Amino acid sequence: SLIPVFQKTTASLCNLCKRQFTVCVEGNIGSGKTTFLSHFKKFNNTTVLQEPVDLWRDVGGTNLLKLMYEDPARHAFLFQSYVQLTMLQRHTYKPPLPYKIMERSVHSGRCFIENMKRAKLLSNVEIMVLNDWYEWCTQNTNLEIDLIVYLRTSPTVVYQRMKERARKEENSVSLEYLKQIHDIHDEWLYHQTLFTVPAPVLVLDGNKNLKDMIIEFENCKNQIFNRKI
Ligand code: DCP
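Residues numbered from 1 in each chain as written. Predicted model: local features only at pLDDT ≥ 70, side-chain atom pairs only at ≥ 80, totals over all residues. Heavy atoms only, no water.

Undergrad: Sorry, what's going on with the packing of helix α5 (residues 109-118) against helix α8 (residues 175-190) here?
TA: The geometry of a pair of packed helices is captured by two quantities: the angle between their axes and the separation between those axes. Interaxial distance between α5 and α8 falls to 9 Å at its minimum, and their mutual angle equals 120°. Accordingly, the angle class assigned to the pair α5 and α8 is oblique. The way α5 lies across α8 gives a crossing that is right-handed. For the pair formed by α5 and α8, the contact residues are Cys111, Phe112, Glu114, Asn115, Met116 and Arg118 on the first element and Tyr177, Gln180, Ile181, Ile184, His185, Glu187 and Trp188 on the second. Along the lines of polarity and charge, the residues of the contact of α5 with α8 split into 7 nonpolar, 3 polar and 3 charged. (Axes fitted to C-alpha atoms, helices over the stretch in contact; angles between N-to-C directions. Helix = DSSP H or I, 4+ residues; strand = E, 2+ residues; numbered from the N terminus. Parallel < 35°, antiparallel > 145°, perpendicular 65-115°, else oblique. Left-handed = near helix turned anticlockwise from the far one by under 90°. Contact = heavy atoms within 4.5 Å. Nonpolar A, V, L, I, M, F, W, Y, C, P; charged D, E, K, R; others polar.)

Undergrad: Looking at this structure, I do not really get the site of the ligand. What am I missing?
TA: In the neighbourhood of the ligand, 22 residues make up the surrounding shell, with Thr34, Glu51, Tyr69, Arg104 and Glu170 lying closest. Side-chain polar atom of Tyr69 to an oxygen atom of the ligand: 2.6 Å apart, as the coordinates give it. A distance of 2.7 Å separates an oxygen atom of the ligand from a polar atom in the side chain of Arg165. Compared with its free state, where it exposes 590 Å², the ligand has 97% of that area covered by protein. Listing elements by their share of the shell around the ligand, those giving two or more residues are α1 (33-40), α3 (64-70), α4 (72-92) and α5. (Near = heavy atom within 4 Å. Polar contact = N/O pair within 3.5 Å; in protein donor to acceptor, adjacent residues only side chain to side chain. Areas by Shrake-Rupley, 256 points an atom, 1.4 Å probe, with all protein chains shown as cover.)

Undergrad: Looking at this model, I keep getting lost on the confidence of the model for the chain. Mind explaining?
TA: Across the chain, the average pLDDT comes to 89, with 91% of residues at 70 or higher. By mean pLDDT, the top-scoring element of the chain is α8 (98), and the lowest-scoring one is helix α9 (residues 210-226) (88). Every residue in residues 1-16 is under pLDDT 50, and counting partners more than four places away or in other chains gives 23 contacts. Listed scores for the predicted complex are pTM 0.89 and ipTM 0.93. (pLDDT = per-residue confidence, 0-100.)

Undergrad: Please explain the sheet that holds strand β4 (residues 147-152) as it appears in this structure.
TA: On the basis of which strands lie adjacent, the open sheet formed by 5 strands has the order β2-β3-β1-β4-β5 and parallel pairing. Every other strand in the sheet has two partners, leaving β2 (46-49) and β5 (201-205) as the edge strands with one partner each. Taken pair by pair, the neighbouring strands of this sheet meet at an average axis angle of 20°, ignoring direction. The pairing of β4 with β5 spans 5 bridges and is parallel. Bridge assignment links Leu151 to a residue of β5, and that residue is Leu204. Contacting β1 (21-27), β4 and β5, α8 runs over the sheet at an angle of about 140° to β4. (Pairing = 2+ DSSP bridges.)

Dropping the structure here:
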């Protein structure tokens with residue numbers, strides 16, 4: 001199945017809540033989204049949906065992430081189409097707990113598509129097809145986002161973290177590429193001049209070290225759990 005077994009929980013079912021309070025965590029590659037999500041795994045009222053990177057690495061035995069970085073002009077369309085599908089699966093998954101926290105969203109996929117458009121790695125017609133799918137899905141399905149947490153992090157910091165993490169597929173990713181992805185996220189969520197922003201945005205400083213980030217996460221937790229749908 002395309003949908004993996006999500007976080008198992010022993011918490012009681014939330015029969016009374018009409019729907020979840022949904023948070024999407026956004027930010028550059030290496031900005032700390034996974035660390036943020038890990039922090040929330042310990043609360044039994046929250047479903048944490050990590051990004052399906054492992055699915056992208058093994059689509060019936062094919063590593064689409066690797067292909068995309070090796071030859072973006074040839075494979076970016078295929079990769080981004082699949083990212084869109086796996087994100088929509090996560091948006092429409094309705095876990096029986098009051099809070100749902102997702103890594104990224106179908107919306108941030110557009111940042112990568114925008115970058116490939118600027119770099120002319122996708123053709124106009126490829127962009128049009130991805131965009132038509134996006135528009136159709138956002139207009140005809142209920143994606144229900146209540147809050148975006150933006151881990152705003154400097155490109156040099158994420159570059160360093162990416163190098164330390166050393167994900168095999170990302171060894172060709174340059175500081176320049178991370179700057180471009182940062183600028184597009186900033187245009188979208190910080191300056192709010194690029195695409196529609198689908199929910200209120202909470203900006204966190206993602207440059208801090210782990211100990212200080214935990215304090216930010218705790219503040220954020222209080223804000224999330226005190227909000228009403
Ligand atoms: N990616 C992409 N296009 C997308 C989504 C992701 O090209 N629409 C790529 C960029 C990365 C990999 O997939 O090489 C995973 O990127 P993320 O930023 O989503 O996840 P990270 O694991 O890097 O996040 P973090 O380090 O913040 O936890």
